[in-house]
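# Structural description and commentary
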Amino acid sequence: MDILKTASALVSVCLLAACGGGGTEVGEFKNDWTGNEIKIMQLQDPKVAGVVCHLAHFDRGVWDRLGKGNWFENPSNSSISCLQSGPITVGRIDTDKSGEEVFDQSQSLVFKQLAVRRIYDASSDSLMYVSFSRTIVDGSAKMSLSTVPLYGQEVTWTGAKPAAE
């Protein structure tokens, strides 16, 4: 019985470690018979109203954790898709080439994080959202990119709109 209590405590810690900041879970489904799931989060950019992103990521089940060990970690895979969901108002965003982070979620107890960064491309008048893992896996970081065009849309900028170079 003590093994069951210990396993239960470890699963609870694992689930808490996988909880993240900023997104709302809008979908989930079982990926296989071991309880692994694909979870879909809705992300609101805190500085850009009228844009919503959906981020899909993998969440390991209890049986997968028991079978493979490595209790405190989820895979680095993710996919992102963003779209205009209403009138766009762009706040004071970082417009340099590195952009700024708009979301992060822990994927392990210590180091691995899933993050989303927004970058403004003035030459095409678009917002790019890239989801990525902070941990390099098999020689490359896992990432996914989505673009929201601003060209031809009614967009309100709370500051001055950056000029294309």
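Throughout what follows, the structure given in this document is the object of discussion. (Residues numbered from 1 in each chain as written. Predicted model: local features only at pLDDT ≥ 70, side-chain atom pairs only at ≥ 80, totals over all residues. Heavy atoms only, no water.)

Right, let's talk about the sheet that holds strand 4 (residues 48-59) for a bit. Overall, mixed pairing links the five strands, which are arranged 2-3-4-5-10 in an open sheet. Because the sheet does not close on itself, it has two edges, and the strands there are strand 2 (24-30) and strand 10 (155-157). Averaged over all neighbouring strand pairs, the angle between strand axes comes to 30°, with direction disregarded. (Pairing = 2+ DSSP bridges. Helix = DSSP H or I, 4+ residues; strand = E, 2+ residues; numbered from the N terminus. Axes fitted to C-alpha atoms, helices over the stretch in contact; angles between N-to-C directions.)

Turning next to the pairing of strand 3 (residues 37-44). Sheet analysis places strand 2 next to strand 3, joined by six bridges and oriented antiparallel. Across the sheet, Thr 24 pairs through a bridge with Gln 42, a residue of strand 3. Looking at chain direction, strand 3 and strand 4 are connected through eight bridges and run antiparallel. By the bridge assignment, Met 41 is partnered in strand 4 with Leu 55. As consecutive antiparallel partners, strand 3 and strand 4 are separated by three residues.

What follows concerns the packing of aromatic side chains. In total, this model carries one aromatic pair according to the counting rule given. Their ring planes at 75° and their centres at 5.2 Å tell us that Tyr 120 and Trp 157 sit as a pair that is edge-to-face. Taken together, the residues Tyr 120 in strand 7 (residues 113-121) and Trp 157 in strand 10 connect sequence positions 37 residues apart. Judged by relative accessible area, which is 16%, Trp 157 ranks as buried. (Phe/Tyr/Trp six-rings, centres within 6.5 Å; stacked < 30°, edge-to-face > 60°. Buried < 20%, exposed > 50% of the residue type's maximum accessible area, 1.4 Å probe, protein only.)

Glancing now at the environment of Gly 99. For Gly 99, the position within the fold is in the loop between strand 5 (78-90) and strand 6 (100-106). For Gly 99, a relative accessible area of 5% translates into the label buried. For the pair formed by Gly 99 and Met 128, sequence separation is 29 residues and the distance between their alpha carbons is 9.2 Å. The contacts of Gly 99, once residues within four sequence positions are left out, are Asp 94, Arg 117, Arg 118 and Ile 119. (Contact = heavy atoms within 4.5 Å.)

We now examine the side chain of Asp 125. Residue placement: Asp 125 occurs in the loop between strand 7 and strand 8 (126-133). Excluding residues that lie within four positions of it along the chain, Asp 125 makes contacts with Tyr 120, Pro 149, Leu 150, Tyr 151 and Lys 161.

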